[in-house]
Amino acid sequence: DLPTRVRIHEVGARDGLQNEKATVPTEIKAEFIRRLADAGLTTIEATSFVHPKWVPQLADAEQLFPLVGDLPVALPVLVPNEKGLDRALALGARRVAVFASATESFAKANLNRTVDEALAMFEPVVGRAKTESVHVRGYLSMCFGDPWEGAVPLPQVVKVCRALLDMGCDELSLGDTIGVATPGHVVALLAALDEAGVPPTTLGVHFHDTYGQALSNTLAALQQGVTTVDASAGGLGGCPYAKSATGNLATEDLVWMLRGLGIDTGIDLGRLVATSAWMATHLGRPSPSRTVRALSHE
Ligand code: HMG
Ligand code: MG
């Protein structure tokens, strides 16, 4: 069975632009987010309040957020710690995301912490956000494979998911950070999570398309009852602390598939393609999305 509606969590402005070599001017980022909202996206991850030396591409979060804060859409932002939360709350952010890792190697590379130290760092962030009625997403990276550790055992993923939910996260996003997942693995992980009391309705899926599996993995997840899917306009993306990661599932490719399945997203595909084509000219290279390429040459 497939859902009748899918919520798309757009990550292009954050997961996409955090990985660009060139720094995109703040005004272009704001225009990108405005155009995504205009195309009908309702959840648009805007930026990260992380250490500017760790992700210089998003060091303009303080300047960017006020430029888009009034848009009538949800604008989640990444916060790794209380310092990040302070910065986000000071600007009026109402949705934040912490980002954990299922593996020790990536926790170290991305957060300079062990898995448990990172969870301890998030605990007061989630606690304070909840007292302020701020919505909290918990990302979990390396849910399938890790560039240093290889395949990641299911119980290891389940354990960190449970910890994030137990500390109060409202939803989780399962990250295939380096894009190595295949549909059978997705089904197995969702089943293991369901058995541990983490139903698909609390989960989003976050696929990178390194091996061309993002759309197949998404379909498998939808068939298991997941209704929140992360995607990135034009297929922008990667992760600066996981070198083998390439772009996220392209939002246009996702919308094309969902439209064919009769699943409502409320997105104007023409406007979205035009936005990604416009962004590609700013980045100086064509979008990797097949749908963007197909529809921009019509
Ligand atoms: P650290 O070096 O251990 O930081 O980094 P610290 O806690 O020791 O603090 C050192 C200094 O940094 C202090 O300043 C802090 O104030 C400052 P000093 O006292 O020395 O002058 N500092 C900050 N400044 C501004 N904003 C902050 C902040 N925090 C500390 N928030 C830290 C630890 C977590 C900060 C660092 O590792 C970091 O910023 N990491 C972020 C990495 C990142 O953003 N990665 C990409 C996002 S995750 C991803 O892409 C995966 C995802 O898409 C899902 C998937 O695909 O799997 C979500
Ligand atoms: Mg990602």
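Computed from a prediction, not measured in an experiment: that's the story for all the values here.

**Observations concerning the overall build of the protein chain**
Check the secondary structure of the protein chain and you find 12 helices and 11 strands. Taking 298 residues into account, the globule formula puts the C-alpha radius of gyration at 19 Å, and the protein chain, at 17 Å, falls close to it. Considering only C-alpha atoms, the protein chain reaches an extent of 50 × 45 × 35 Å along its principal axes. Looking at the 298 residues of the protein chain, the share that counts as buried comes to 51%. In the protein chain, the share of contacts with a sequence separation of at least 24, taken over all contacts with a separation of at least 6, comes to 73%.

**A closer look at the site of ligand 1**
Looking at ligand 1, there are 25 residues lining it, with V50, G84, S141, G175 and T177 nearest. Looking at the shell around ligand 1, the elements with two or more residues in it are α4 (82-90), α5 (104-111) and β6 (135-141). Class assignment of the residues belonging to the shell around ligand 1 gives a composition of 11 nonpolar, 11 polar and 3 charged.

**Concerning the environment of R34**
Examined against the element boundaries, R34 turns out to sit in helix α2 (residues 26-38). The partly exposed category is assigned to R34, around which 16 C-beta atoms lie within 10 Å. For the pair R34 and A151, spaced 117 residues apart in the sequence, the C-alpha separation amounts to 39 Å. Among residues more than four places away in sequence, those in contact with R34 are V68 and L71.

**Considering the sheet that holds strand β9 (residues 171-176)**
Ordered by their spatial adjacency, 9 strands build an open sheet running β2-β1-β11-β10-β9-β6-β5-β4-β3, and the pairing between neighbours is parallel. Both outer strands of the open sheet, β2 (43-44) and β3 (47-48), are each paired with one neighbouring strand and no more. Relative to strand β5 (residues 95-101), strand β4 (residues 77-78) runs parallel, the two sharing 2 bridges. The residue of β5 that forms the bridge with L78 is A97.

**As for unusual backbone geometry**
Located in the positive-phi region is S133, a residue other than glycine, with phi close to 55°. By the secondary structure assignment, S133 is in the loop between α6 (115-131) and β6. Residues other than glycine seldom take positive phi values, yet M142 does so here, at roughly 55°. Within the fold, M142 resides in the loop between β6 and β7 (145-146). A residue is classified by how many C-beta atoms lie within 10 Å of it, and M142, with 29 of them, is buried.

**As for the packing of helix α7 (residues 154-166) against helix α8 (residues 183-195)**
Here α7 crosses α8 at 50°, and the two axes come no closer than 10 Å. When the interaxial angle is binned, α7 and α8 end up oblique. In terms of crossing hand, the pair formed by α7 and α8 is right-handed. Only A188, L189, A192 and L193 of α8 make contact with α7, whose side of the interface consists of L154, V157, V158 and C161. Residues of the contact of α7 with α8, tallied by class, amount to 8 nonpolar, no polar and no charged.

**A closer look at the nonpolar core**
Membership of the largest hydrophobic core comes to 92 residues, with the highest contact counts inside it found for V96, V98, A100 and L140. When residues no more than four places from it in sequence are discounted, the contact partners of L140 are A100, A102, V157, V160, C161, L164, L172, L174 and G175.

**Considerations on α6**
The terminal C-alpha atoms of α6 lie 25 Å apart, and with 17 residues this matches the ideal 24 Å at 1.5 Å per residue to within 8%. Where α6 bends most, at F122, the angle is about 25°, and the proline P124 comes one to four residues later. Among all positions of α6, only V115, A118, L119, F122, V125, V126 and A129 are buried. Tucked into the core, α6 has its buried residues touching α4, β5, α5, β6 and α7. Two residues or fewer past α6, S133 is found with a positive phi of approximately 55°.

**With respect to the confidence of the model for the protein chain**
Summing up the model confidence of the protein chain, the mean pLDDT is 95 and the portion of residues at 70 or higher is 97%. Across the interfaces of the predicted complex, the ipTM metric reaches 0.98, alongside a pTM of 0.97.

**Observations concerning the pairing of β5**
Taken residue by residue, a regular strand's side chains alternate between the two faces of the sheet. Along β5, 6 of the 7 residues are buried, which leaves the element largely enclosed by surrounding structure. Following the backbone out of β4, through α4 and into the adjacent parallel β5, one traces a crossover that is right-handed. As paired strands, β5 and β6 are joined by 7 bridges and run parallel to one another. Residue S101 lies in a different strand from β6, and its bridge partner there is S141.

**With respect to the environment of Q213**
Its place among the elements puts Q213 in the loop between β10 (203-207) and α9 (214-223). A residue is classified by how many C-beta atoms lie within 10 Å of it, and Q213, with 22 of them, is buried. The residues touching Q213, leaving out its near neighbours within four places in the chain, are G179, A181 and T182.

Calculation notes
- Residues numbered from 1 in each chain as written.
- Chains lettered and ligands numbered in written order.
- Predicted model: local features only at pLDDT ≥ 70, side-chain atom pairs only at ≥ 80, totals over all residues.
- Helix = DSSP H or I, 4+ residues; strand = E, 2+ residues; numbered from the N terminus.
- Rg over C-alpha atoms; globule rule 2.2 N^0.38 Å.
- Buried ≥ 20, exposed ≤ 12 C-beta atoms within 10 Å, placed from the backbone.
- Contact = placed C-beta atoms within 7 Å.
- Near = placed C-beta within 6 Å.
- Nonpolar A, V, L, I, M, F, W, Y, C, P; charged D, E, K, R; others polar.
- Pairing = 2+ DSSP bridges.
- Axes fitted to C-alpha atoms, helices over the stretch in contact; angles between N-to-C directions.
- Parallel < 35°, antiparallel > 145°, perpendicular 65-115°, else oblique.
- Left-handed = near helix turned anticlockwise from the far one by under 90°.
- Core = buried A, V, L, I, M, F, W, Y, C linked by C-beta atoms within 7 Å.
- Expected span 1.5 Å × (residues − 1).
- Bend = angle between axes of the 7 residues up to and from the residue.
- pLDDT = per-residue confidence, 0-100.
- Right-handed = clockwise from strand over helix to strand, strands pointing away.

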